[in-house]
Amino acid sequence: MAREQTGTAVVTGGAREIAPAKGKLGVMLVGLGAVSTTFIAGVENVRRGCALPIGSLSQMATIRLGKRTEKRAPKIKDFVPLADLNDLAFVAWDPIPDDAYTAAVKAGVLDQHEHLEPIKAFLQGIKPMPAAFDQYYVKRLQGTNVKRGKNKRELAEQLREDMRSFKKTAGLDRLVVVWCASTEVFMTPGPAHQSLAAFEKAMEQNDQSIAPSMIYAYAALMENIPFANGAPNLTVDLPVMEGLAEERRVPIGGKDFKTGQTMMKSVLAPAFKARMLGLSGWYSTNILGNRDGEVLDDPESFKTKEESKLGLLEHILQPELYPELYGKVYHKVRINYYPPRGDNKEGWDNIDIFGWLGYPMQIKVDFLCRDSILAAPIVLDLALFFDVAARAGLSGIQEWLSFYFKSPQFAQGLYAEHDLFIQQTKLKNTLRWMMGEEQITHLGIEYYEYAEK
Ligand SMILES: NC(=O)c1ccc[n+]([C@@H]2O[C@H](COP(=O)([O-])OP(=O)(O)OC[C@H]3O[C@@H](n4cnc5c(N)ncnc54)[C@H](O)[C@@H]3O)[C@@H](O)[C@H]2O)c1
């Protein structure tokens with residue numbers, strides 16, 4: 001369906017009115033470590049024509065529209081009014097004062113000569129703002145570049161001021177915040193997370209149940225800025241944040257970027273279920289030597305990650321429906337900090353399956369991946385899709401972006417959808433729906449009925 005421009009809004013003739021992506025979009029990153037610097041440096045290299053945005057759906061993928069016979073498959077970025085890469089500006093908070101160049105060199109993900117030196121001045125210009133940080137929540141880190149305030153509410157006000165002043169000084173039209181900071185210690189929702197009044201009171205009392213990530217999330221929502229959470233911390237997965245996001249009409253989502261091992265799990269497990277093959281055990285282990293690995297070496301941060309990595313099998317396999325196949329699955333996940341590997345993680349999976357008459361078989365997966373190379377395009381897509389979601393008037397949990405998360409947030413009464421291909425269908429159908437295009441059901445019977453006539 002053709003889009004026509006009328007004044008400030010783009011009318012699609014479909015379900016949503018989407019404000020155009022005019023002006024600049026500020027991407028505010030919490031954390032300026034391996035993922036954030038790989039993302040920023042990557043975008044800058046792409047903008048300069050020195051590299052391709054591989055792994056990014058928003059930049060590389062096409063979307064089929066209409067019937068297969070119509071042969072309409074534009075790129076997503078040409079179909080949906082996303083912000084252009086040239087209109088992105090970046091800023092970050094980090095308790096470690098290194099600028100983006102120094103942080104990228106230390107992270108050791110990108111080739112210094114090929115991808116960092118040519119953009120050195122650009123990266124050096126991104127200096128982290130003081131963070132809302134407390135070592136209680138990330139035991140293995142020590143930060144010097146931190147905000148001071150008499151209580152957590154004051155820190156939230158300082159973050160809000162950072163957001164307003166970035167928008168003003170950089171001449172931006174819109175902002176999005178993406179949490180790319182370390183995984184915080186394991187926490188469960190408590191009374192302080194149930195209502196805005198309780199949350200604000202708890203901030204004033206410096207209550208321990210208010211983690212730094214929640215302070216950023218609160219600040220963003222109070223400034224009407226979409227917030228995506230790339231780590232497994234609760235952050236926006238709390239009644240108070242869901243309520244605030246709905247009330248202020250702001251999109252939120254999380255948790256935990258779905259990159260290497262879990263991405264593979266969300267592809268393989270649906271395949272076993274599709275063929276009604278049984279599963280008796282899945283042992284996953286990782287060796288990882290970057291700072292994230294060091295943080296996750298702390299049992300409390302690991303517990304947060306473990307919960308996020310364990311959840312999906314049960315949801316995908318539905319043991320309650322298939323007790324003979326999935327009623328007794330032994331699922332174990334380990335992450336071992338091993339410095340020599342740096343960001344180049346190795347994830348092993350041993351999968352014990354069984355088939356016809358119960359005969360056992362094994363599958364071994366050894367994924368020699370690069371964590372931040374897989375995560376960077378996800379940060380880009382989330383920033384762009386959360387921005388368009390806001391412009392399309394969508395608010396609260398953006399379930400259609402579950403595709404990007406290990407542990408997707410969902411509305412009360414539902415369950416998370418983990419199957420990568422269902423998630424992809426949901427994402428693309430949401431884009432079609434936003435733009436007033438027909439849903440693709442893959443029924444396809446009409447091609448054959450038509451042929452008979
Ligand atoms: N790379 C992946 O494939 C992947 C996948 C899923 C999730 N993640 C998550 O993404 C996050 C970032 O990963 P990374 O490899 O870049 O880690 P990293 O350790 O290189 O960077 C994280 C940065 O966050 C900073 N930080 C910690 N607490 C902060 C706070 N309160 N405010 C601001 N900054 C803070 C740290 O100082 C550090 O510089 C981690 O939580 C990780 O678990 C990564």
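Residues numbered from 1 in each chain as written. Predicted model: local features only at pLDDT ≥ 70, side-chain atom pairs only at ≥ 80, totals over all residues. Heavy atoms only, no water.

A. Highlighting the overall build of the protein. Across its full length, the protein holds 17 helices and 13 strands. Taken against the 2.2 N^0.38 rule, which gives 22 Å for 453 residues, the C-alpha radius of gyration of the protein at 22 Å falls within 12% of a compact globule. Projected onto its principal axes, the C-alpha coordinates of the protein cover approximately 70 × 55 × 50 Å. Nonlocal contacts in the protein, meaning residues at least 24 apart in sequence, comprise 74% of its contacts between residues at least 6 apart. When the accessible surface of the protein is totalled, it reaches about 20000 Å², and 54% of it is carbon and sulfur. Here the protein carries 53 positive and 55 negative side-chain charges, and the mean point of each set is 2 Å from the other. (Helix = DSSP H or I, 4+ residues; strand = E, 2+ residues; numbered from the N terminus. Rg over C-alpha atoms; globule rule 2.2 N^0.38 Å. Contact = heavy atoms within 4.5 Å. Areas by Shrake-Rupley, 256 points an atom, 1.4 Å probe, with all protein chains shown as cover. Lys, Arg positive; Asp, Glu negative; His and termini not counted. Charge placed at Lys NZ, Arg CZ, Asp CG, Glu CD.)

B. Fine view of the site of the ligand. As a structural note, the neighbourhood of the ligand is formed by 33 residues, with Val35, Asp94, Ala181, Tyr216 and Arg291 the closest of them. One nitrogen or oxygen atom from the main chain of Ala132 is found 2.9 Å from a nitrogen atom belonging to the ligand. Here a nitrogen atom of the ligand sits 2.9 Å away from a polar atom, N or O, in the side chain of Tyr216. Summarising the interface, the protein chains cover 98% of the accessible area of the ligand, which totals 840 Å² for the free molecule. At the level of elements, α1 (34–47), α9 (212–222), α12 (291–296) and α15 (371–391) are the ones that each hand at least two residues to the shell around the ligand. Across the shell around the ligand, the residue classes break down as 18 nonpolar, 8 polar and 7 charged. (Near = heavy atom within 4 Å. Polar contact = N/O pair within 3.5 Å; in protein donor to acceptor, adjacent residues only side chain to side chain. Nonpolar A, V, L, I, M, F, W, Y, C, P; charged D, E, K, R; others polar.)

C. A nonpolar patch on the surface, seen in detail. A cluster of nonpolar residues, Leu52, Ile54 and Met60, forms a patch on the protein surface that exposes about 330 Å² of accessible area. Looking at the element boundaries, Ile54 is found in the loop between α1 and α2 (57–60). (Patch = residues over 30% accessible without salt bridge, like charges linked within 9 Å, V, L, I, M, F, W, Y side chains within 5 Å. Salt bridge = Lys/Arg side-chain N within 4 Å of Asp/Glu carboxyl O.)

D. Summary view of the pattern of salt bridges. Scanning the entire structure with this criterion turns up 24 salt bridges. Across the pair Arg160 and Glu223 runs a salt bridge whose closest N-O atoms are separated by 2.7 Å. Here Glu223 lies in the loop between α9 and β7 (227–229) and Arg160 lies in helix α7 (residues 152–169), a separation of 63 residues in the sequence. For Lys255, the salt bridge is made with Asp237, and the minimal N-O distance between the two is 2.7 Å.

E. Broad picture of helix α10 (residues 239–247). Those residues of α10 not exposed but buried are Val240, Met241, Leu244 and Ala245. Buried residues in α10, looked at end-on, bunch into an arc of 130°, giving them a common side. Along its buried surface, α10 packs onto α8 (196–204), α9, β8 (251–253) and β13 (396–397). Note on α10: the residue one or two positions beyond its end, Arg249, has a positive phi of about 60°. (Buried < 20%, exposed > 50% of the residue type's maximum accessible area, 1.4 Å probe, protein only. Arc of directions from axis to C-beta.)

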